[in-house]
Amino acid sequence: MDSGEPAARDRKRHGRHYTPPALARFLAQRLLHHVPRSGAAGLRVLDPACGDGELLLALHREAGVLLPGVRVELVGYDLDAAGVAVARERARAAGIAVEWHVGDFLTASAGIAAGAFDAIITNPPYVRTQQLGGPTAQLLSKRFGLQGRIDLTHPFVAVAARLLRSDGVLGLLCANRFLTTKAGSNVRSLLLTELAPVELYDLGDTKLFEAAVLPAVTIATRSASRDVCRYVSAYEVDTPETISGTDLFEALTAEDSHCVTHGGRTFAVEVGTLATGDQVESAVSVALPVAVGAADHRRGAAVEARAAWRMSRPGVDGWLAEIEAGTWRTFGEVARIRVGIKTTADRVFISDRWGEMRPQPEAELLFDLITHHDVEPWRISRARDTRVLYPYDTSESARTPVDLREFPGAAAYLREHREALAGRKYLTDSGREWFEIWVPQRPQLWRVPKLVFPDISERPRFALDRSGAVVNGDCYWMSLADFGVDGAAQRLAYLLMGVANSALGLRFYDAVCGNRLYSGRRRWITQYVSRLPLPDPTTMRAGGVVELVRDFVDGGRVPDANALRLLDEWVAAAFGMRMFEVR
């Protein structure tokens, strides 16, 4: 295959990211570790998205070492004829027989008998179904029950469950986002109802895979038994306590947690078991029972899949149980957590040079805009005079566009961009005016004080805004209008910020939500922030948190290292814990 830029762009567009040899070898080894050994004279293996054949070839090589004397039959499918041609040539050169197919496996799978394979090893395309076009997305949705922004991992796992024989094994390489996102609940449910996960590796920011996503390896069997699933994660750390090795793959299979160096970087490899329950409702729900009835298992899995999966370790589980005992409400129970506005035409609606615009919109329609650049812990500090043209009546609680006849400057400005704005058919088809923005949120609430925090940041950055500014779509916000009467709302806002910005809040996020990106960044979105815990605000210790945060926000106290250490102590105490238990 031509490895030039056009081919690379084509692979990216279709979600084709070929598996690196070292990762393919690891996946093959872990899959073969769970292949039934009793009386198996042959092993029939499928890769439904084989690409250049790396996974199948790696499995054949490793089977020769781990399962000597066992005959291995390999079958590979892929839409990419050029990729299959490369795979065919590689197999021929290595003297390995493979049954190759060029075509759409998801369509072809309907003609393959159930239980036809002993093992399936796959790295499905990293493509959202919406990218495949309306008819294809609708067909997949109907056939596999897909909803929302789902990628192709779901249908590939669904088909794998049907095509594996009893006790067959699935080796899956996919984006680790399925572990924690709402969209991933589809895959989590399949893995809990149709299969049984036995090993899970969150490979985090190791960069073992060239795709923009962070990868995970899952080994699951088609078995009625429900053994505890081993869960390992690997993320880069700045200040490791000790480094005990240099082989990352060896570290992934070690019994204990430790740090290793790999490619000039240091990674903390943490070892535990898979916890699949809702950790806010049950902090110590660690894993499925070893053996349950099929019907009970499916009912339980439906509940389990709604929550993010996390790693269970005795120390963490006990700590979460203490947090739960001291929790009064969660953030999501206190107030609605909203994303900021999304214009889908930022070039038209957002600028820091409105004074130079001709025609110039009226000042009353230009609102200060808070972006992630402006948000620090405790306070908003706007770096630039960025404002948004917000064509809504902010006296109304529901989305109500202004009458442009009353704003001739804005009307003239918007008409200059009418072709681009009216081209957003998704907006006009929904009955909206051509000059509206896509997600305006609640216009009346912008002038009410609110908590604001960025969508993506390394550490929590929850701040209080009283300026009446609009929040951009790269941030989330909580209106104090949801918190209660003025005095109680202010105190609750301070308490929310104190918990979120504390060491306890960060550790809770990592233990329960765990959606980390490259370079230590984390996602602070509704489904995660809503799970953060709050202690009883009426206690004296919670009052200590409130007063300290009030000093940070309104009293001019500098949140230096000593002050933040005091905050951590007060927050831990508010949950009934000692300070050292937070670390």
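Residues numbered from 1 in each chain as written. Predicted model: local features only at pLDDT ≥ 70, side-chain atom pairs only at ≥ 80, totals over all residues. Heavy atoms only, no water.

1. Focus: the nonpolar core
Counting residues in each nonpolar core, the largest one holds 54 residues, and the members touching the most others are Phe-331, Leu-451, Phe-483, Leu-496 and Met-497. Top element by residues in this core is helix α17 (residues 486–500). It accounts for 9 residues. By size, the runner-up hydrophobic cluster in this structure holds 50 residues, among which are Cys-50, Ala-58, Trp-100 and Val-217. (Core = buried A, V, L, I, M, F, W, Y, C linked by side-chain atoms within 4.5 Å. Buried < 20%, exposed > 50% of the residue type's maximum accessible area, 1.4 Å probe, protein only. Helix = DSSP H or I, 4+ residues; strand = E, 2+ residues; numbered from the N terminus.)

2. Quick look at the pattern of salt bridges
Where side chains of opposite charge bring their charged atoms close, a pairing between them can arise. Under the definition given, this model contains 26 salt bridges. For Glu-436, the salt bridge identified is with Arg-399, shortest N-O distance 3.4 Å. Here Glu-436 is found in the loop between α16 (425–428) and β18 (450–454), whereas its partner Arg-399 is found in the loop between β17 (387–389) and α14 (408–416), with 37 residues between them in sequence. For Glu-436, a relative accessible area of 2% puts it in the buried group. (Salt bridge = Lys/Arg side-chain N within 4 Å of Asp/Glu carboxyl O.)

3. Here we look at the sheet that holds strand β14 (residues 350–351)
One open sheet holds the 4 strands; their spatial order is β14-β17-β15-β21, and the pairing between them is mixed. The two strands at the open ends of the sheet, each matched to only one other strand, are β14 and β21 (470–471). The pairing of strand β15 (residues 366–370) with β17 spans 3 bridges and is antiparallel. Following the sheet pairing, Phe-367 is matched in β17 by Val-388. (Pairing = 2+ DSSP bridges.)

4. Focus on helix α20 (residues 540–553)
With 14 residues, α20 extends 20 Å from end C-alpha to end C-alpha; this agrees with the ideal 20 Å at 1.5 Å per step. Along α20, the positions that sit buried rather than exposed are Ala-542, Gly-543, Gly-544, Val-545, Val-546, Leu-548, Val-549, Phe-552 and Val-553. Against β16 (378–379), β20 (463–465), α17 and α21 (561–574) lie the buried residues of α20. (Expected span 1.5 Å × (residues − 1). Contact = heavy atoms within 4.5 Å.)

5. Thoughts on the sheet that holds β18
Taken in spatial order, the 5 strands make up an open sheet running β13-β22-β18-β20-β16, and their pairing is mixed. Looking at which strands have only one partner, the edges of the open sheet turn out to be β13 (338–339) and β16. Two strands pair when backbone bridges link them, and β13 and strand β22 (residues 475–479) are joined in this way by 2 bridges, in the antiparallel orientation. Directly across from Arg-338, in β22, lies its bridge partner Trp-477. The sheet contacts of α17 involve β16, β18, β20 and β22, and relative to β20 the element is tilted by about 150°. (Axes fitted to C-alpha atoms, helices over the stretch in contact; angles between N-to-C directions.)

6. Digging into the confidence of the model for the protein chain
Looking at the protein chain, the pLDDT average stands at 87 and 86% of residues meet or exceed 70. Counting interchain partners and residues more than four positions distant, the pLDDT-below-50 stretch residues 1–15 has 19 contacts. Contacts of residues 278–305 to residues separated by more than four positions or lying in other chains number 55 contacts, the stretch itself having pLDDT below 50. (pLDDT = per-residue confidence, 0-100.)

7. Details of the environment of Arg-88
For Arg-88, the position within the fold is in helix α4 (residues 81–94). When its relative accessible area of 40% is taken as the criterion, Arg-88 is described as partly exposed. When the C-alpha atoms of Arg-88 and Glu-99 are compared, they prove to be 9.0 Å apart, with 11 residues separating the residues in sequence.

8. Describing the packing of helix α7 (residues 153–163) against helix α8 (residues 185–193)
Contact geometry of α7 with α8 gives a least axis separation of 9 Å together with a crossing angle of 10°. If you check the angle between α7 and α8, you find them roughly parallel. The chirality of how α7 crosses α8 is left-handed. Mapping the contact onto sequence places Thr-153, His-154, Val-157 and Ala-158 in α7 and Asn-186, Val-187, Leu-190 and Leu-191 in α8. In terms of residue class, the contact of α7 with α8 is built from 5 nonpolar, 3 polar and no charged. (Parallel < 35°, antiparallel > 145°, perpendicular 65-115°, else oblique. Left-handed = near helix turned anticlockwise from the far one by under 90°. Nonpolar A, V, L, I, M, F, W, Y, C, P; charged D, E, K, R; others polar.)

9. Focus on unusual backbone geometry
Here the residue pair Arg-358 and Pro-359 is connected by a cis peptide bond, since its omega of -5° sits within 30 degrees of zero. Structurally, Pro-359 can be placed in the loop between β14 and β15. A positive phi angle is found at Gln-441, which is not glycine, with a value near 65°. By the element assignment, Gln-441 lies in the loop between α16 and β18. Classification of Gln-441 by relative accessible area gives buried; the value is 18%.

10. Observations regarding the packing of aromatic side chains
If you walk through the whole model with that rule in mind, you get 19 aromatic pairs. Residues Trp-378 and Phe-552 carry aromatic rings whose centres are separated by 4.9 Å and whose planes lie at 50° to one another, so their mutual orientation is tilted. Of this pair, Trp-378 sits in strand β16 while Phe-552 sits in helix α20, placing them 174 residues apart in sequence. Given the relative accessible area of 0%, Phe-552 is considered buried. Judged by centre distance (6.4 Å) and plane angle (85°), the ring pair of Tyr-390 and Trp-446 falls under edge-to-face. Highlighted residues: Tyr-390 in the loop between β17 and α14 and Trp-446 in the loop between α16 and β18, separated in sequence by 56 residues. With respect to class, Tyr-390 is no different from Trp-446; both count as buried. (Phe/Tyr/Trp six-rings, centres within 6.5 Å; stacked < 30°, edge-to-face > 60°.)

11. Re the side chain of Ser-457
Residue placement: Ser-457 occurs in strand β19 (residues 456–457). For Ser-457, a relative accessible area of 4% corresponds to the buried category. Side-chain polar atoms of Ser-457 contact the side chain of Trp-524, separated by 3.2 Å. Ser-457 has contacts with Arg-521, Arg-522 and Trp-524, leaving out every residue within four places of it along the chain. (Polar contact = N/O pair within 3.5 Å; in protein donor to acceptor, adjacent residues only side chain to side chain.)

12. A short note on the packing of α20 against α21
Where α20 contacts α21, the axes come no closer than 8 Å and their chain directions differ by 150°. Viewed along their axes, α20 and α21 adopt a mutual orientation that is roughly antiparallel. Judged by the twist between their axes, the crossing of α20 over α21 is left-handed. In this structure, α20 uses Met-540, Arg-541, Ala-542, Gly-544, Val-545, Leu-548, Val-549 and Phe-552 to contact α21, whose residues at the interface are Ala-563, Leu-564, Leu-566, Leu-567, Trp-570, Val-571, Ala-573 and Ala-574.

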